Amino acid sequence: MDKLKDMLKAYEAWVGKNPDVVGDFETTAKWVSYFIAGRISSSNVVSELVYTLSNMLVFYNDRIIEKARNAEKNSVIQLQSKLCYRLKVTLTTLEYSEVFIEISARRLFGQSGKWLVIALIQAFKAAGRFFILKHSTSDIITSPPIAALNRRAIGKQRKNSGDGAASSTNDLLQSQHSITFQLKRSGRVIRKVEGAPPLQYRDFKLHIDNNEAAKTQIPRKLLQAEYLYISKPLIHLLAMGLFGRRSWKQYMVALSIDLYSIHLYRQHRDLMSKQQKLELSRRCINIMYFLVRSPFYDSFTKSRLERILDFVATSVPIAKVVAKPLKDYIPTWQSTYFYLWST
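Residues numbered from 1 in each chain as written. Predicted model: local features only at pLDDT ≥ 70, side-chain atom pairs only at ≥ 80, totals over all residues. Heavy atoms only, no water.

**A word on the overall build of the protein**
Right, on to step 1. Within the protein one finds 12 helices and 2 strands.
Right, on to step 2. Ordered by position from the N terminus, the helices and strands of the protein form the series α-α-α-α-α-α-α-β-β-α-α-α-α-α.
Right, on to step 3. Relative to its 343 residues, the protein shows a buried fraction of 37%.
Right, on to step 4. Excluding contacts between residues fewer than 6 apart, the proportion of contacts in the protein whose partners are at least 24 apart in sequence is 71%.
Right, on to step 5. A total accessible area of about 21000 Å² is found for the protein, and carbon and sulfur atoms account for 62% of it. (Helix = DSSP H or I, 4+ residues; strand = E, 2+ residues; numbered from the N terminus. Buried < 20%, exposed > 50% of the residue type's maximum accessible area, 1.4 Å probe, protein only. Contact = heavy atoms within 4.5 Å. Areas by Shrake-Rupley, 256 points an atom, 1.4 Å probe, with all protein chains shown as cover.)

Following this line, the structure appears as structure tokens:
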């Protein structure tokens, strides 16, 4: 057991010092999942398992790198309750593994078991997101709740600072000299005695550091838009049960909720934070996924996509090697990944 702990510590130290090398290994693991797809029996289960494990490895390594840099993890735990942070970790883990769980449930319990698992997953995700929105400093729920680190930006910071250890020490010293602290139970930000300015310059107003984000009141309209977006998977599952999986009604219900939520946000864009604007841009791009979701995909996109791949395979040299397997495997991808309830 001690040997295992020592190996784990050595691995964490290595990951913290070599984020670029770790990134190359993670990319290779993901490409292995693409190579497996369609080439062996039960390949969709195996390839999804490899892809899920690669995402989990990236997530675990991100936490190691984050901890080594003394950056986000400590501040998150200080500014939010530990419960919210753990819930974000759980939801992120679930988001990375939910497709594999659904595929496994279908194999083990059949279609009825699969839909029961899907309903339970989406109910848990919605409840968790509502809780995070209410009890943390987040004003919008990203997907996944804890985003992957920008390894390239971290590499540039290391080069600019010269020595990663020195920058970590500076970060730690800055955090120690913060002039405010946050109460654990209430979340209220309090100024330290030593943080007070000279008597003649005092205005008796609380000073908030630029890198500290106290919980602010989210405008009601934006809160309604986010509640609607979080509820979409459950509403869509209900509509699917009422109208059928390939019905246009359930498709339009999901699309309408997405569009109306975005409309509410854009109506009050002046009230939005930078994080909300970035997430709204991502959601606008994700609307394009409706082009490859049933029944729109079955009626319009499928035939056009197949014609394009056939043209590429016959017209472009060597492209047939990629285009033909892609054409054969697209139906599996479409039925596995492009769920309307995914947010």
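**Observations concerning the nonpolar core**
Soluble, globular proteins show a tendency: their nonpolar side chains are buried together.
Right, on to step 1. The biggest cluster of nonpolar side chains holds 21 residues, and the ones touching the most others in it are Tyr-265 and Phe-290.
Right, on to step 2. Where this core is concerned, the elements lending two or more residues are helix H5 (82-135), helix H8 (220-243) and helix H9 (248-267).
Right, on to step 3. Of all the elements, H9 adds the most residues to this core, at 6 residues.
Right, on to step 4. Contacts of Tyr-265, omitting those with residues within four sequence positions, involve Asp-139, Ile-140, Leu-222, Ala-225, Glu-226, Met-272, Gln-276, Leu-280 and Arg-283.
Right, on to step 5. Formed by 6 residues, the second largest nonpolar core is a distinct cluster that contains Val-15, Ile-64, Leu-149 and Ile-154. (Core = buried A, V, L, I, M, F, W, Y, C linked by side-chain atoms within 4.5 Å.)

**Some remarks on the packing of aromatic side chains**
Right, on to step 1. Scanning all chains against the criterion turns up 12 aromatic pairs.
Right, on to step 2. Plain terms: the ring middles of Tyr-11 and Tyr-60 are 6.4 Å apart, the flat faces sit at 5° to each other, and that makes the pair stacked. Residue Tyr-11 is located in helix H1 (residues 2-17), and its partner Tyr-60 is located in helix H3 (residues 43-68); the two are separated by 49 residues in the primary sequence.
Right, on to step 3. Overall, the relative accessible area of 27% leaves Tyr-11 in the partly exposed class.
Right, on to step 4. For Tyr-60, a relative accessible area of 33% translates into the label partly exposed.
Right, on to step 5. Ring-pair connections join several aromatic residues into one group, and the members of that group are Trp-248, Tyr-251, Phe-290, Phe-296 and Phe-300.
Right, on to step 6. Across from the ring centre of Trp-115, 5.0 Å away, lies the NZ or CZ of Lys-114, which sits over that ring.
Right, on to step 7. It is Arg-293 that lies over the ring of Phe-290; its NZ or CZ is 4.9 Å from the centre. (Phe/Tyr/Trp six-rings, centres within 6.5 Å; stacked < 30°, edge-to-face > 60°. Lys NZ or Arg CZ within 6 Å of the ring centre and 35° of its normal.)

**Re helix H10 (residues 274-286)**
Right, on to step 1. The terminal C-alpha atoms of H10 lie 19 Å apart, and with 13 residues this matches the ideal 18 Å at 1.5 Å per residue to within 8%.
Right, on to step 2. For H10, the complete set of buried residues consists of Gln-276, Glu-279, Leu-280, Arg-283 and Asn-286. One side of H10 carries all its buried residues, which in axial view fall inside an arc of 115°. In H10, the exposed residues that point more than 90 degrees away from the buried face are Lys-274, Leu-278 and Ile-285.
Right, on to step 3. Structurally, H10 contributes buried residues whose contacts are with H8 and H9. (Expected span 1.5 Å × (residues − 1). Arc of directions from axis to C-beta.)

**Thoughts on the packing of H8 against H9**
Right, on to step 1. In the contact formed by H8 and H9, the axes pass within 9 Å of each other and the chain directions differ by 180°. Between H8 and H9, the interaxial angle falls into the category roughly antiparallel. Counting all contacts with H8, which are made through Leu-222, Ala-225, Glu-226, Leu-228, Tyr-229, Lys-232, Ile-235, His-236, Ala-239, Met-240 and Phe-243, the residues of H9 involved are Lys-249, Gln-250, Val-253, Ala-254, Ile-257, Asp-258, Tyr-260, Ser-261, Leu-264 and Tyr-265.
Right, on to step 2. Class assignment of the residues belonging to the contact of H8 with H9 gives a composition of 14 nonpolar, 3 polar and 4 charged. (Axes fitted to C-alpha atoms, helices over the stretch in contact; angles between N-to-C directions. Parallel < 35°, antiparallel > 145°, perpendicular 65-115°, else oblique. Nonpolar A, V, L, I, M, F, W, Y, C, P; charged D, E, K, R; others polar.)

**As for the packing of H9 against H10**
Right, on to step 1. Across the interface, H9 lies against H10 with an axial gap of 11 Å and an inter-helix angle of 145°. You can see that H9 and H10 cross each other, and the crossing is left-handed. Residues Ile-262, Tyr-265 and Arg-266 of H9 pack against Gln-276, Leu-280, Arg-283 and Cys-284 of H10.
Right, on to step 2. Its residues assigned to classes, the contact of H9 with H10 shows 4 nonpolar, 1 polar and 2 charged. (Left-handed = near helix turned anticlockwise from the far one by under 90°.)

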